[in-house]
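As a plain string of letters, each chain reads:
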Amino acid sequence: MDTKEKLKITTFGHRGIGIGEIDGRKIFVPKACKDDECIITIKEEKKYFSFAKLEEIEIPSPLRIPSTCPLFDKCGGCDYQFLRYADELKIKEELIRNQLKRIGKIVIEEPLTIISREPSYYRNKAKFHRVQNTLGFYDLDYNVLEIPECNIINKKILRSYELVRAEKKNNE
């Protein structure tokens, strides 16, 4: 496995995963943006599709912007930090419409309501993991990554996270 390939990302999938195609096989690439031209490494092959790791972006998508999070390339906690928030909302709406139509045979013409209009500190749920003395989010390889700051989690949750981390350090 671990085959390096060139890939053009043609669309977004669930959780912002970029999707491209090589020889009729769908390739799912976390942290890749629609219209990125990139180098990927195939990590896992299934019968009709593969999972890959983004190695390098040769030609970035016009949608792509620099992430405001210093841990975005490592952390598995968010998926759309490389987009302007307005583009993120459009993509999420399109994904919801496509899933309702494909799975539920439901077509909704009117605008969908997005829970938060704010691009920061809107997430009201976070699942932290603890392995030995590390408390944080899973990274892309499912190792626990401590986060010094997160600009999408509600500030009350972040304060609770900091209190638990401080207590853990006091008890070491």
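On to the nonpolar core. Residues L83, I147 and I153 are the most contacted members of the largest nonpolar core, which totals 21 residues. Secondary structure elements with two or more residues in this core: α1 (85-104), β7 (134-138) and α2 (155-170). Those residues within four positions of L83 in sequence are excluded, and the remaining contacts are F12, C33, L63, I65, E88 and I91. Among the nonpolar cores identified, the runner-up in size contains 10 residues, and I27, V29, A32 and I40 belong to it.

Spanning 20 residues, α1 covers 27 Å between terminal C-alpha atoms, matching the ideal 28 Å at 1.5 Å per step. Against the buried residues of α1 lie β1 (4-12).

What follows deals with the environment of P70. Within the element layout of this structure, P70 appears in the loop between β5 (49-59) and α1. In sequence terms P70 and P148 are 78 residues apart; their C-alpha atoms lie 9.7 Å from each other.

Bringing the pairing of β7 into the picture now. In this structure, strand β6 (residues 129-131) lies alongside β7, joined through 3 bridges in antiparallel fashion. Its bridge partner lying in β7, H129 is registered against G136. Adjacent in sequence and paired antiparallel, β6 and β7 are bridged by 2 residues, among which Q132 carries a positive phi angle near 50 degrees. Bridge count between β7 and strand β8 (residues 144-145): 2 bridges; the pairing is antiparallel. When the bridges of β8 are listed, F137 appears paired with L145. Where β7 folds back on β8, the antiparallel hairpin that results is connected by 5 residues, among which Y142 adopts a positive phi of roughly 65 degrees.

Although it is not a glycine, R15 sits at a positive phi angle of roughly 65 degrees. Structurally, R15 is set in the loop between β1 and β2 (18-22). In this structure R15 comes out as partly exposed when scored by relative accessible area, which is 44%. You will see that D35, though not glycine, has its phi angle at about 80 degrees, which is positive.

All told, the structure shown has 9 aromatic pairs when counted by the stated rule. For the ring pair F28 and F51, a centre distance of 5.9 Å and an interplane angle of 40 degrees mean the geometry is tilted. With a gap of 23 residues between them, F28 in strand β3 (residues 25-29) and F51 in strand β5 connect regions that are remote in the sequence. Classification of F51 by relative accessible area gives partly exposed; the value is 33%. Relative to Y142, the ring of Y138 lies with its centre 5.6 Å away and its plane at 65 degrees, an arrangement referred to as edge-to-face. Taken together, the aromatic side chains of F12, F72 and F82 make up a single cluster linked through ring pairs. K31 extends its terminal NZ or CZ atom over the ring of F72, reaching a point 3.9 Å from the ring centre. The aromatic ring of F82 is capped on one face by R64, whose charged end is 4.7 Å from the ring centroid.

About the thresholds
- Residues numbered from 1 in each chain as written.
- Predicted model: local features only at pLDDT ≥ 70, side-chain atom pairs only at ≥ 80, totals over all residues.
- Heavy atoms only, no water.
- Core = buried A, V, L, I, M, F, W, Y, C linked by side-chain atoms within 4.5 Å.
- Buried < 20%, exposed > 50% of the residue type's maximum accessible area, 1.4 Å probe, protein only.
- Helix = DSSP H or I, 4+ residues; strand = E, 2+ residues; numbered from the N terminus.
- Contact = heavy atoms within 4.5 Å.
- Expected span 1.5 Å × (residues − 1).
- Pairing = 2+ DSSP bridges.
- Phe/Tyr/Trp six-rings, centres within 6.5 Å; stacked < 30°, edge-to-face > 60°.
- Lys NZ or Arg CZ within 6 Å of the ring centre and 35° of its normal.

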